[in-house]
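Below, each chain spelled out in residue letters.
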Amino acid sequence: PQPKQRIKLLIFDDSADIRDGFTSLLKFYEDIQVLSAHPDANNALEIVKKEPPDVILMDIDMPGLNGIEASAMIKHLYPKIEIIILSQFHDNTHVFEAIKSGASGYLVKGSDTDQVVASIRVVAAGGSPMNDFVARKTLEEFRKMLGPKMVNPGLNALSDRELDVLNCMAEGSTYKEIAADLAIAVDTVRSHIRSIYEKLQVNSKTEAVLVAIEKKIIQLKRN
(Lines give C-alpha, C1' and ligand atoms only; values in the text may rest on other atoms or scores of the structure.)
Protein backbone atom coordinates (compact mmCIF):
# COMPACT_ATOMS: atom_id res chain seq x y z
CA PRO A 1 0.00 0.00 0.00
CA GLN A 2 1.11 3.55 -0.70
CA PRO A 3 2.22 5.60 2.33
CA LYS A 4 -0.40 7.97 3.71
CA GLN A 5 -0.18 11.51 2.33
CA ARG A 6 1.44 13.81 4.89
CA ILE A 7 -0.27 17.06 5.88
CA LYS A 8 1.98 19.93 4.80
CA LEU A 9 2.09 22.69 7.41
CA LEU A 10 3.34 26.28 7.53
CA ILE A 11 3.71 28.21 10.79
CA PHE A 12 3.58 32.00 11.18
CA ASP A 13 4.27 33.24 14.72
CA ASP A 14 6.52 35.97 16.10
CA SER A 15 7.42 33.85 19.14
CA ALA A 16 10.60 31.87 18.51
CA ASP A 17 9.67 29.55 21.41
CA ILE A 18 6.35 28.67 19.76
CA ARG A 19 7.88 28.23 16.31
CA ASP A 20 10.71 26.06 17.59
CA GLY A 21 8.43 24.18 19.99
CA PHE A 22 5.91 23.15 17.36
CA THR A 23 8.58 22.42 14.76
CA SER A 24 10.31 20.07 17.21
CA LEU A 25 7.19 18.41 18.60
CA LEU A 26 5.44 17.87 15.28
CA LYS A 27 8.42 15.87 14.00
CA PHE A 28 7.09 13.00 16.11
CA TYR A 29 3.83 12.88 14.11
CA GLU A 30 4.38 10.88 10.93
CA ASP A 31 1.34 12.32 9.14
CA ILE A 32 2.41 15.98 9.52
CA GLN A 33 5.30 17.71 7.75
CA VAL A 34 6.35 21.20 8.85
CA LEU A 35 7.51 22.93 5.68
CA SER A 36 8.85 26.03 7.46
CA ALA A 37 8.15 28.48 10.27
CA HIS A 38 8.25 32.28 10.03
CA PRO A 39 8.36 35.21 12.52
CA ASP A 40 5.89 37.36 10.53
CA ALA A 41 3.40 37.10 7.67
CA ASN A 42 4.67 40.04 5.61
CA ASN A 43 5.79 37.71 2.79
CA ALA A 44 3.12 35.09 3.42
CA LEU A 45 1.81 35.01 -0.16
CA GLU A 46 5.29 34.45 -1.58
CA ILE A 47 5.98 31.72 0.99
CA VAL A 48 2.67 29.97 0.30
CA LYS A 49 3.36 30.06 -3.45
CA LYS A 50 6.86 28.63 -2.95
CA GLU A 51 5.86 26.02 -0.37
CA PRO A 52 2.15 25.21 -0.89
CA PRO A 53 0.73 23.93 2.42
CA ASP A 54 -2.44 22.05 3.27
CA VAL A 55 -2.79 23.82 6.62
CA ILE A 56 -1.39 27.00 8.17
CA LEU A 57 -0.98 27.77 11.88
CA MET A 58 -1.34 31.55 12.03
CA ASP A 59 -0.69 33.91 14.93
CA ILE A 60 -2.70 37.15 15.02
CA ASP A 61 -0.42 39.72 16.63
CA MET A 62 2.76 39.94 14.55
CA PRO A 63 4.91 42.85 13.34
CA GLY A 64 3.66 44.32 10.07
CA LEU A 65 0.81 42.38 8.49
CA ASN A 66 -1.33 40.78 11.19
CA GLY A 67 -2.56 37.21 11.02
CA ILE A 68 -6.17 38.06 10.22
CA GLU A 69 -5.18 40.27 7.27
CA ALA A 70 -2.74 37.64 6.03
CA SER A 71 -5.37 34.89 6.38
CA ALA A 72 -7.90 36.85 4.32
CA MET A 73 -5.34 37.43 1.55
CA ILE A 74 -4.28 33.77 1.49
CA LYS A 75 -7.87 32.46 1.44
CA HIS A 76 -8.76 34.84 -1.38
CA LEU A 77 -5.99 33.49 -3.62
CA TYR A 78 -5.77 29.93 -2.26
CA PRO A 79 -9.23 28.96 -0.96
CA LYS A 80 -8.30 25.29 -0.50
CA ILE A 81 -5.65 26.08 2.12
CA GLU A 82 -7.03 25.60 5.63
CA ILE A 83 -6.00 28.10 8.32
CA ILE A 84 -6.01 27.65 12.09
CA ILE A 85 -5.59 30.82 14.11
CA LEU A 86 -3.34 30.30 17.14
CA SER A 87 -3.64 33.36 19.36
CA GLN A 88 -3.31 34.71 22.86
CA PHE A 89 -6.57 36.62 22.32
CA HIS A 90 -9.89 34.97 23.15
CA ASP A 91 -12.28 37.93 23.03
CA ASN A 92 -15.33 38.03 20.77
CA THR A 93 -13.90 40.50 18.27
CA HIS A 94 -10.73 38.56 17.47
CA VAL A 95 -12.58 35.25 17.19
CA PHE A 96 -15.21 36.80 14.91
CA GLU A 97 -12.66 38.55 12.68
CA ALA A 98 -10.68 35.31 12.37
CA ILE A 99 -13.78 33.45 11.18
CA LYS A 100 -14.61 36.25 8.74
CA SER A 101 -11.09 35.99 7.29
CA GLY A 102 -11.82 32.39 6.35
CA ALA A 103 -10.07 30.57 9.19
CA SER A 104 -11.42 27.08 9.85
CA GLY A 105 -10.21 26.87 13.43
CA TYR A 106 -9.27 29.08 16.37
CA LEU A 107 -7.05 27.88 19.22
CA VAL A 108 -5.91 29.85 22.23
CA LYS A 109 -2.16 29.74 22.87
CA GLY A 110 -1.43 27.27 25.60
CA SER A 111 -3.53 24.56 23.93
CA ASP A 112 -1.76 21.23 24.33
CA THR A 113 0.00 19.65 21.37
CA ASP A 114 -2.55 16.84 21.03
CA GLN A 115 -5.35 19.41 20.63
CA VAL A 116 -3.39 21.31 17.98
CA VAL A 117 -2.56 18.09 16.12
CA ALA A 118 -6.21 16.99 16.25
CA SER A 119 -7.31 20.35 14.82
CA ILE A 120 -4.73 20.13 12.02
CA ARG A 121 -5.99 16.67 11.07
CA VAL A 122 -9.66 17.70 11.18
CA VAL A 123 -9.30 20.80 8.98
CA ALA A 124 -7.00 18.96 6.55
CA ALA A 125 -9.76 16.37 6.11
CA GLY A 126 -12.30 19.09 5.33
CA GLY A 127 -13.89 19.29 8.77
CA SER A 128 -14.70 22.37 10.78
CA PRO A 129 -14.64 21.64 14.51
CA MET A 130 -17.17 23.79 16.36
CA ASN A 131 -16.69 23.89 20.10
CA ASP A 132 -19.05 25.83 22.36
CA PHE A 133 -16.38 28.38 23.32
CA VAL A 134 -15.69 29.64 19.80
CA ALA A 135 -19.25 29.20 18.52
CA ARG A 136 -20.94 31.06 21.34
CA LYS A 137 -18.45 33.92 21.36
CA THR A 138 -18.83 34.35 17.63
CA LEU A 139 -22.62 34.19 17.85
CA GLU A 140 -22.50 37.00 20.42
CA GLU A 141 -20.51 39.09 17.96
CA PHE A 142 -22.91 38.25 15.11
CA ARG A 143 -25.84 39.43 17.21
CA LYS A 144 -24.09 42.62 18.27
CA MET A 145 -22.94 43.58 14.77
CA LEU A 146 -25.94 42.43 12.75
CA GLY A 147 -28.79 42.56 15.27
CA PRO A 148 -32.42 42.24 14.23
CA LYS A 149 -31.70 43.88 10.86
CA MET A 150 -30.06 40.72 9.63
CA VAL A 151 -32.32 39.28 6.97
CA ASN A 152 -30.94 36.60 4.68
CA PRO A 153 -33.50 35.25 2.23
CA GLY A 154 -30.96 32.70 1.10
CA LEU A 155 -31.63 30.64 4.21
CA ASN A 156 -35.16 29.92 3.06
CA ALA A 157 -33.83 28.88 -0.35
CA LEU A 158 -31.71 26.04 1.01
CA SER A 159 -32.81 22.65 -0.28
CA ASP A 160 -33.49 19.74 2.06
CA ARG A 161 -30.23 18.12 0.98
CA GLU A 162 -28.30 21.35 1.61
CA LEU A 163 -29.81 21.48 5.10
CA ASP A 164 -28.65 17.89 5.66
CA VAL A 165 -25.13 18.88 4.59
CA LEU A 166 -25.24 21.99 6.79
CA ASN A 167 -26.23 19.94 9.84
CA CYS A 168 -23.34 17.55 9.19
CA MET A 169 -20.99 20.55 8.90
CA ALA A 170 -22.22 21.81 12.28
CA GLU A 171 -21.30 18.45 13.81
CA GLY A 172 -17.74 18.84 12.50
CA SER A 173 -18.01 16.07 9.89
CA THR A 174 -15.41 15.92 7.12
CA TYR A 175 -16.41 15.92 3.46
CA LYS A 176 -15.87 12.15 3.31
CA GLU A 177 -17.98 11.61 6.44
CA ILE A 178 -20.80 13.76 5.05
CA ALA A 179 -20.69 11.83 1.78
CA ALA A 180 -20.86 8.51 3.65
CA ASP A 181 -23.66 9.65 5.98
CA LEU A 182 -25.81 10.97 3.12
CA ALA A 183 -24.82 8.28 0.59
CA ILE A 184 -23.59 10.83 -1.97
CA ALA A 185 -20.26 11.49 -3.70
CA VAL A 186 -17.63 13.76 -2.14
CA ASP A 187 -17.79 16.00 -5.23
CA THR A 188 -21.53 16.32 -4.66
CA VAL A 189 -20.86 17.39 -1.08
CA ARG A 190 -18.47 20.08 -2.33
CA SER A 191 -21.10 21.25 -4.82
CA HIS A 192 -23.73 21.51 -2.08
CA ILE A 193 -21.33 23.44 0.16
CA ARG A 194 -20.50 25.91 -2.62
CA SER A 195 -24.24 26.45 -3.11
CA ILE A 196 -24.74 26.94 0.63
CA TYR A 197 -21.96 29.56 0.74
CA GLU A 198 -23.51 31.42 -2.17
CA LYS A 199 -27.02 31.37 -0.74
CA LEU A 200 -25.92 32.39 2.76
CA GLN A 201 -23.41 34.91 1.42
CA VAL A 202 -20.57 33.52 3.55
CA ASN A 203 -16.97 32.46 2.88
CA SER A 204 -16.27 29.63 5.32
CA LYS A 205 -17.75 26.49 6.83
CA THR A 206 -17.83 27.99 10.29
CA GLU A 207 -19.51 31.21 9.18
CA ALA A 208 -22.19 29.22 7.32
CA VAL A 209 -22.97 27.21 10.43
CA LEU A 210 -23.05 30.30 12.63
CA VAL A 211 -25.46 32.17 10.34
CA ALA A 212 -27.74 29.13 10.26
CA ILE A 213 -27.64 28.84 14.06
CA GLU A 214 -28.39 32.54 14.45
CA LYS A 215 -31.46 32.23 12.21
CA LYS A 216 -32.52 29.06 14.08
CA ILE A 217 -32.32 26.92 10.95
CA ILE A 218 -30.12 24.45 12.83
CA GLN A 219 -29.22 24.06 16.50
CA LEU A 220 -25.73 23.86 17.98
CA LYS A 221 -25.28 20.57 19.79
CA ARG A 222 -23.52 20.77 23.12
CA ASN A 223 -20.34 18.75 23.52
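In what follows, the structure referred to is the one given above.
The sections below set out a description of the structure shown in this document. (Residues numbered from 1 in each chain as written. Predicted model: local features only at pLDDT ≥ 70, side-chain atom pairs only at ≥ 80, totals over all residues. Heavy atoms only, no water.)

## Description of the overall build of the protein
Stage number 1. Helix and strand content of the protein: ten helices and five strands.
Stage number 2. Looking at the protein residue by residue over its 223 residues, the buried ones come to 48%.
Stage number 3. The contacts of the protein with a sequence gap of at least 6 include a subset with a gap of at least 24, amounting to 68%.
Stage number 4. Counting only carbon and sulfur atoms, one obtains 50% of the accessible surface of the protein, whose full area is about 11600 Å². (Helix = DSSP H or I, 4+ residues; strand = E, 2+ residues; numbered from the N terminus. Buried < 20%, exposed > 50% of the residue type's maximum accessible area, 1.4 Å probe, protein only. Contact = heavy atoms within 4.5 Å. Areas by Shrake-Rupley, 256 points an atom, 1.4 Å probe, with all protein chains shown as cover.)

## A look at the pattern of salt bridges
Stage number 1. Evaluated as defined, the whole model comprises six salt bridges.
Stage number 2. One salt bridge in this structure joins D31 and R121, with 2.8 Å as the shortest N-O distance. Note that D31 is positioned in the loop between α1 (16-25) and β2 (32-38) and R121 in helix α5 (residues 113-124), a separation of 90 residues in sequence.
Stage number 3. Among the residues examined, D31 registers a relative accessible area of 13% and is labelled buried.
Stage number 4. Judged by relative accessible area, which is 37%, R121 ranks as partly exposed.
Stage number 5. A salt bridge links D59 to K109; the shortest N-O distance between them is 3.3 Å. Taken together, the positions of D59 in the loop between β3 (55-58) and α3 (67-77) and K109 in the loop between β5 (105-108) and α5 put the pair 50 residues apart, joining distant regions of the chain.
Stage number 6. For D59, a relative accessible area of 3% corresponds to the buried category.
Stage number 7. Connected via shared salt-bridge partners are D13, D59 and K109. (Salt bridge = Lys/Arg side-chain N within 4 Å of Asp/Glu carboxyl O.)

## A closer look at helix α8 (residues 175-182)
Stage number 1. The complete set of buried residues in α8 reads Y175, I178, A179 and L182. End-on view of α8: buried residues confined to an arc of 100 degrees, all on one side of the axis. Across from the buried face of α8, at angles greater than 90 degrees, the exposed residues are K176, A180 and D181.
Stage number 2. Where α8 is buried, its residues touch α7 (160-170), α9 (186-200) and α10 (205-214).
Stage number 3. Residue A183 follows α8 closely and has a positive phi angle near 55 degrees. (Arc of directions from axis to C-beta.)

## Structural notes on unusual backbone geometry
Stage number 1. Phi is positive for A183, which is not a glycine, with a value near 55 degrees.
Stage number 2. For A183, the position within the fold is in the loop between α8 and α9.
Stage number 3. The exposure class assigned to A183 is exposed, which follows from its relative accessible area of 70%.
Stage number 4. The phi dihedral of Q201 falls on the positive side, at around 60 degrees, and the residue is not glycine.
Stage number 5. Tracing the sequence through the fold places Q201 in the loop between α9 and α10.

## Observations concerning the side chain of K75
Stage number 1. Structurally, K75 can be placed in helix α3.
Stage number 2. For K75, which is buried and forms no salt bridge, the nearest opposite charge comes from E82, at a distance of 4.2 Å.
Stage number 3. A distance of 2.9 Å separates a polar atom in the side chain of K75 from the backbone oxygen of P79.
Stage number 4. Polar side-chain contacts of K75 include one of 2.8 Å to the backbone oxygen of I81. (Lys, Arg positive; Asp, Glu negative; His and termini not counted. Polar contact = N/O pair within 3.5 Å; in protein donor to acceptor, adjacent residues only side chain to side chain.)

## Remarks on the pairing of strand β4 (residues 82-87)
The side chains of a regular strand alternate between the sheet's two faces.
Stage number 1. Among the six residues of β4, six are classified as buried, and the element is accordingly described as predominantly covered.
Stage number 2. Both β3 and β4 contribute to a ladder of four bridges, which runs parallel. Along β4, the bridge assignment pairs L57 with I84.
Stage number 3. Handedness of the crossover is the feature at issue here: the chain leaves β3, passes through α3, returns alongside β4, and the resulting connection is right-handed.
Stage number 4. With four bridges connecting them, β4 and β5 associate as parallel partners. By the bridge assignment, I84 is partnered in β5 with G105. (Pairing = 2+ DSSP bridges. Right-handed = clockwise from strand over helix to strand, strands pointing away.)

Geometric descriptors of this kind do not, in isolation, establish any biological role.
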